[in-house]
Amino acid sequence: MTDDVLVVRPAAKLRGSPALPGDKSISHRALLLALLAQGESRITAAGDGGDVRSTAGVVAALGATVERLAERDGRVDYRVLSPGGAALSEPGGPLDCGNSGTTTRLVAGLLAGRPLFAVLDGDASLRRRPMGRVVEPLRAMGAGFAGRHNATLLPLAITGQAHLAPIDYMTPVPSAQVKSAILLAGLAADGETRVTEAVATRDHTERMLRARGVPVTEITAADGRHTVSLRGPALPAAINETVPADPSGAAFWLVAASIHPDAELHLAGVSTNPTRRAIIDILRRMGADIEEHTRPAAGGADGEPLADLVVRSAALHGIEISPAETASAIDEIPILALAAAVASGTTWIRGAGELRHKESDRIAGIADGLTALGAHVRVEGDDIEIKGGRRLRGAVTETLDDHRLAMTFAVAGLIAEGETTVRQPGSAAISYPGFFQQLEGVRA
Ligand code: S3P
């Protein structure tokens, strides 16, 4: 916690092409799969935020050589040289996952099936976040866990096993982290591991395992349930990878330009993966003017679909966002809530309960911050009602040390009357280093 504040004043115009970070989800997985793969993997243009750095630190602590080859625009090129999943080193101390839930949960799955003792720990926010959702299925596969509250909170001790039992698991909440943890553990299970979700979550682990030679099957049932399976034992092969731009980082610019009266922003090389593009489709449904120029060749070894986006000012209107859409745009809900506050009419964001378990209680953070700015926000159970059309005015906003709240309130400052103060803004560097410089850079 720091006393730092950022003061943002309204912008007359927004123009330009802000540099976007490398996709955080893909960057984490590229590093972890490089650890499991024997030999050299190169990862180009990875995100260089605090969360991905946490994963790089864990990968090094487990025995790989992680070299930073070059840095530019908040991105980094890595070379990872690993002895492979069968020869990981037992870490000499706790593995510091920092602020990163993805690091913690994916590493828990990866280590469940490796015969090592390890302790996962992180910052105060991460120590409050629920880990039972991965511990329960990983225990059922045979891994040992110990920690506070029946191993549901960090610090978490893991006793991995060389062989796990495969599992057929229905996740209680839609979570790509839980699904990915089970799939990574499934690599060490003898037989077929299956994970079923009520709504399909981001599929990077599946794409990336396939690209590295591990077959992964997917079936969608008529009711939308989605099952992913793989057969162990298996290990991914080492490959080179270029990371696309992060749609969750692009989301701040999509909303900034949409709600600003005189804006045009260009966003290059954004992943438009069907499991990540909900933010684009939801904003369009609200009336946003977003051009999408699909890049002919899909990017990277994993075949992520990519597009260059152009977003211009638009008159947004309120809509109803279903629980399935909320799940698909879970990281974008804070910035979408700002869009809803400016849009005409009422927006309902349904089924947002998972937001209480993110880097902060994001429902409270959104409601308090937007209310301070003069918006009308009401929380009813897991649903958020936002009555739009109010002129926002500058105020002091609390970020709860949460990167997505910090960036949301800074964007609000571009259009709110007077001065907007963003407290503890530094967390933005967790997913988007250089965000505030980019914010100044797009003022025309
Ligand atoms: C992520 C999954 C999501 C998301 C997070 C990244 C991932 O979390 O909120 O920022 O990379 O798998 P949950 O699995 O908790 O929904």
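Since the model is a prediction, treat every value here as computed from it, not as a measurement.

Q: Give me the domain arrangement of the protein chain: which residues, what numbers.
A: The domains assigned to the protein chain are domain 1 (5–21 + 244–441) and domain 2 (24–242). With 30 residues of domain 1 in contact, the opposing surface of domain 2 contributes 30 residues. Summed over the three residues of domain 1 that lose the most area to domain 2, namely Asp-302, Glu-359 and Ile-430, the buried surface amounts to 24% of that side. Here domain 1 is connected to domain 2 by five salt bridges. For the salt bridge of Arg-129 with Glu-359, the shortest nitrogen-to-oxygen distance reads 3.9 Å. Inspection of the domain 1/domain 2 interface yields 15 residue pairs in polar contact (both at pLDDT 80 or more). For the side of domain 1 that touches domain 2, the elements supplying multiple residues, two or more each, are α11 (323–328) and α14 (403–415). Considering only residue class, the side of domain 1 that touches domain 2 consists of 14 nonpolar, seven polar and nine charged.

Q: Can you tell me about the side chain of Thr-196, naming the residues and giving the values?
A: Its location among the elements puts Thr-196 in strand β11 (residues 191–197). A residue is classified by how much of its surface remains accessible, and Thr-196, at 9% relative accessible area, is buried. Within the structure, the side chain of Thr-196 is placed 2.8 Å from the side chain of Thr-227, a separation counted as a polar contact. In contact with Thr-196, other than residues within four places in its own chain, are Tyr-169, Met-170, Thr-171, Arg-225, His-226 and Thr-227.

Q: Please give an account of the sheet that holds strand β17 (residues 306–312) that cites residues and values.
A: Spatially, β2-β15-β17-β16 is the arrangement adopted by the four strands of the open sheet, whose pairing is mixed. The sheet is open, and its two borders are formed by β2 (14–16) and β16 (289–294), each paired with just one other strand. On average, adjacent strands in this sheet sit at an angle of 25 degrees to one another, irrespective of strand direction. Pairing geometry for β2 and strand β15 (residues 263–271), over three bridges, is parallel. Within β15, the residue paired with Leu-14 across the bridge is Ala-263.

Q: How would you summarise the packing of helix α12 (residues 333–342) against α14 if you had to cite specific residues and measurements?
A: Their axes nearest at 8 Å, the elements α12 and α14 cross at an angle of 25 degrees. Considering their axes alone, α12 and α14 lie roughly parallel with respect to each other. When you trace α12 past α14, the crossing you get is right-handed. Touching Pro-334, Ile-335, Leu-338 and Val-342 of α12 are Arg-404, Leu-405, Thr-408, Val-411, Ala-412 and Ile-415, all from α14.

Q: Pulling in residues and values, what's your account of the environment of Leu-184?
A: Relative to the assigned elements, Leu-184 resides in helix α7 (residues 176–186). Measuring from C-alpha to C-alpha, the distance between Leu-184 and Ala-108 comes to 9.0 Å, with 76 residues separating the pair along the chain. Apart from the residues within four sequence positions on either side, Leu-184 is in contact with Leu-33, Leu-36, Leu-106, Gly-109 and Leu-110.

Q: For the sheet that holds β11, give the residues involved together with the corresponding values.
A: Spatial strand order, β10-β11-β13-β12: four strands in an open sheet with mixed pairing. Bordering the open sheet on either side are β10 (168–170) and β12 (216–220), each of which pairs with just one other strand. Pairs of neighbouring strands in the sheet enclose a mean axial angle of 15 degrees, with direction left out of account. The pairing of β10 with β11 spans three bridges and is classified as parallel. Residue pairing across strands places Asp-168 opposite Arg-194, the latter belonging to β11. Lying on the sheet, α7 is in contact with β10, β11 and β13 (226–232); it crosses β11 at an angle near 175 degrees.

Q: Any details on the site of the ligand? Residues and values, ideally.
A: Around the ligand sit Lys-24, Ser-25, Arg-29, Thr-102, Arg-105, Ser-175, Ala-176, Gln-177, Arg-202, Ile-330, Asp-331 and Lys-358, and those are all the residues in its vicinity. Between the ligand and the protein, one listed contact pairs an oxygen atom with a side-chain N or O atom of Ser-175 at 2.6 Å. In the complex, 94% of the free accessible area of the ligand, which totals 390 Å², lies under the protein chains. Taken together, the elements giving at least two residues each to the shell around the ligand come down to α1 (24–36), α3 (101–112) and α7. Ranked by residues supplied to the shell around the ligand, first place goes to α1 with three residues. Partitioned by chemical class, the residues of the shell around the ligand number two nonpolar, four polar and six charged. If you count residues domain by domain, the shell around the ligand takes at least three from each of domain 1 (5–21 + 244–441) and domain 2 (24–242).

Q: Could you give an account of the pattern of salt bridges, naming the residues involved and the relevant values?
A: Applying the stated criterion across every chain, the model contains 43 salt bridges. Across the salt bridge formed by Asp-223 and Arg-225, the nearest N and O atoms sit 3.5 Å from each other. Judged by relative accessible area, Asp-223 falls into the exposed class, the value being 53%. You can call Arg-225 partly exposed: its relative accessible area is 41%.

Q: Explain α12 to me, and be specific about the residues and the numbers.
A: Within an α-helix, residues lying three or four positions from one another point in the same direction, as the helix has 3.6 residues per turn. In terms of burial, α12 is largely enclosed, as nine of its ten residues are buried. If you check which residues of α12 are buried, you get Ile-333, Pro-334, Ile-335, Leu-336, Ala-337, Leu-338, Ala-339, Ala-340 and Ala-341.

Q: Account for the packing of aromatic side chains, naming residues and giving values.
A: One pass over the structure, following the stated rule, counts five aromatic pairs. Here Trp-253 and Tyr-432 contribute two aromatic rings whose centre-to-centre distance is 6.5 Å and whose plane-to-plane angle is 80 degrees, an arrangement assigned as edge-to-face. Taken together, the residues span a long stretch of sequence, with Trp-253 in helix α9 (residues 247–259) and Tyr-432 in the loop between β23 (420–423) and α15 (435–441) at a distance of 179 residues. Residue classification places Trp-253 among the buried positions, given a relative accessible area of 0%. Considering the side-chain rings of Trp-253 and Phe-435, the 5.0 Å spacing of their centres and the 35 degrees angle between planes classify their relative orientation as tilted. Here Phe-435 lies in helix α15 and Trp-253 lies in helix α9, a separation of 182 residues in the sequence. With respect to burial, Trp-253 and Phe-435 carry one shared label: buried. Put simply, the rings of Phe-252, Trp-253, Tyr-432, Phe-435 and Phe-436 pair up and form one aromatic cluster. In this structure, Arg-350 packs its charged tip against the face of Trp-348, placed 4.2 Å from the ring centre.

Cut-offs applied
Residues numbered from 1 in each chain as written. Predicted model: local features only at pLDDT ≥ 70, side-chain atom pairs only at ≥ 80, totals over all residues. Heavy atoms only, no water. Domains from an automatic or database assignment. Contact = heavy atoms within 4.5 Å. Buried area = accessible area lost by both parts, 1.4 Å probe. Salt bridge = Lys/Arg side-chain N within 4 Å of Asp/Glu carboxyl O. Polar contact = N/O pair within 3.5 Å; in protein donor to acceptor, adjacent residues only side chain to side chain. Helix = DSSP H or I, 4+ residues; strand = E, 2+ residues; numbered from the N terminus. Nonpolar A, V, L, I, M, F, W, Y, C, P; charged D, E, K, R; others polar. Buried < 20%, exposed > 50% of the residue type's maximum accessible area, 1.4 Å probe, protein only. Pairing = 2+ DSSP bridges. Axes fitted to C-alpha atoms, helices over the stretch in contact; angles between N-to-C directions. Parallel < 35°, antiparallel > 145°, perpendicular 65-115°, else oblique. Left-handed = near helix turned anticlockwise from the far one by under 90°. Near = heavy atom within 4 Å. Areas by Shrake-Rupley, 256 points an atom, 1.4 Å probe, with all protein chains shown as cover. Phe/Tyr/Trp six-rings, centres within 6.5 Å; stacked < 30°, edge-to-face > 60°. Lys NZ or Arg CZ within 6 Å of the ring centre and 35° of its normal.

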